[in-house]
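# Architecture and fold: a report
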Amino acid sequence: MKHFQIFWAFFKVGVLGYGGGPSSIPLVHKEVVDHYKWLDENEFSDILAIGNTLPGPIATKMAGYIGYRVAGWLGVINAVLSTIIPSITVMIILLVSLSTFSELPWVIGMTHAIVPVVGVMLAILTWDFIKKGTKDLGWKVNLILIVGSTLLLQLLNIHPAIIILVLLIVAFATTPKQEGEG
C-alpha cells in the first residue's frame, strides 16, 4: 500500500506540476506534509533548502529523498519514476504535435491562464515559510534574511545555492555546542 501511495502522490505532482520545479514544490508539500504526513514542516523546509543547493530538478531530488525516507531504495525508484513519467509522456506528445497546435487560441489561453494559479500556489508556500521563519527566528532576523536574500538574488544576481550554502555555514559556525560535544 505504501508504494502505491508514493506512486500516486508523486504521479500527481508530475501531472499537475505545470511550469516546472517551482510549481511542483507546493504540490509536493500538499502530498507529503498535509495529506500523507510523511514529513513535518521543518523536515520539508530542510529538504527544500538542501535540494535547492544541489544541481538538477528540485521535484526529482525531493521525490528521491522522500521516496527513500518512506520506503527505502524501491521508494526512490518509485517516486522518481512516477514524477518523471508524466512529463516524459507529455513532452513526447507535445513535441510531436507542437507545430500543429501552438498557434491555436485555446493553447495560448491555457498557457497564460495557468501562470497566475502557479503564482498563487508559490505565494501561499512563501507565506507559510515566512510564518515558520518568524516563529523560529523572530520577525527581526526573518525580515533581515528576507530583505537581504531578495537584494542578493535580484540586484546582485547571486545564485540561490551560494546564499543557502553561506547561510548553512554561518548557522553551523554560530550554533552553540551542546554539553559533551567537541
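The structure this text deals with has already been given above.
Here's what I pulled together on the structure shown here.

Procedures and definitions
- Residues numbered from 1 in each chain as written.
- Predicted model: local features only at pLDDT ≥ 70, side-chain atom pairs only at ≥ 80, totals over all residues.
- Heavy atoms only, no water.
- Salt bridge = Lys/Arg side-chain N within 4 Å of Asp/Glu carboxyl O.
- Helix = DSSP H or I, 4+ residues; strand = E, 2+ residues; numbered from the N terminus.
- Phe/Tyr/Trp six-rings, centres within 6.5 Å; stacked < 30°, edge-to-face > 60°.
- Buried < 20%, exposed > 50% of the residue type's maximum accessible area, 1.4 Å probe, protein only.
- Contact = heavy atoms within 4.5 Å.
- Polar contact = N/O pair within 3.5 Å; in protein donor to acceptor, adjacent residues only side chain to side chain.
- Core = buried A, V, L, I, M, F, W, Y, C linked by side-chain atoms within 4.5 Å.

Overall, the coordinates contain five salt bridges when judged by the stated rule. Here arginine 69 ties to glutamate 43 by a salt bridge, and the two come within 2.5 Å at their closest N and O atoms. On the criterion of sequence distance, the pair formed by arginine 69 in helix H4 (residues 58-101) and glutamate 43 in helix H3 (residues 41-53) is long-range, its members being 26 residues apart. Where aspartate 128 meets lysine 131, a salt bridge forms, and the shortest distance between an N and an O atom there is 3.7 Å. One end of the pair, aspartate 128, and the other, lysine 131, are both in helix H5 (residues 105-137), three residues apart, so they sit about a helical turn from each other.

Looking now at the packing of aromatic side chains. Following the criterion strictly, the structure yields four aromatic pairs and no others. When the ring of tryptophan 8 is compared with that of phenylalanine 11, the centres are 6.2 Å apart and the planes differ by 20°; the resulting orientation is stacked. Pair noted here: tryptophan 8 and phenylalanine 11 are both in helix H1 (residues 2-16), with a separation of three residues, about one helical turn. Put simply, the rings of Phe7, Trp8 and Phe11 touch in pairs and so form one group of aromatic residues.

A separate point is the environment of glutamate 43. For glutamate 43, a relative accessible area of 24% translates into the label partly exposed. Residues glutamate 43 and threonine 174, spaced 131 residues apart in sequence, show a C-alpha to C-alpha distance of 21 Å. Setting aside anything within four residues of it in sequence, one finds glutamate 43 in contact with Trp38 and Arg69. There is a polar contact of 2.8 Å between the side chain of glutamate 43 and the backbone nitrogen of aspartate 40.

With that settled, consider the environment of leucine 137. Within the secondary structure, leucine 137 is located in helix H5. With 112 residues separating them in the primary sequence, leucine 137 and isoleucine 25 have C-alpha atoms 23 Å apart. Here leucine 137 is in contact with Asn142 and Leu145, once residues within four sequence places are set aside.

Core analysis: the largest hydrophobic core is formed by 22 residues, its most contacted members being Phe10, Val28, Val32, Trp38, Phe44, Met62 and Ile66. In contact with phenylalanine 10, not counting residues within four places along its chain, are Val28, Val32, Trp38, Ala63, Ile66, Ala79, Ser82 and Thr83.

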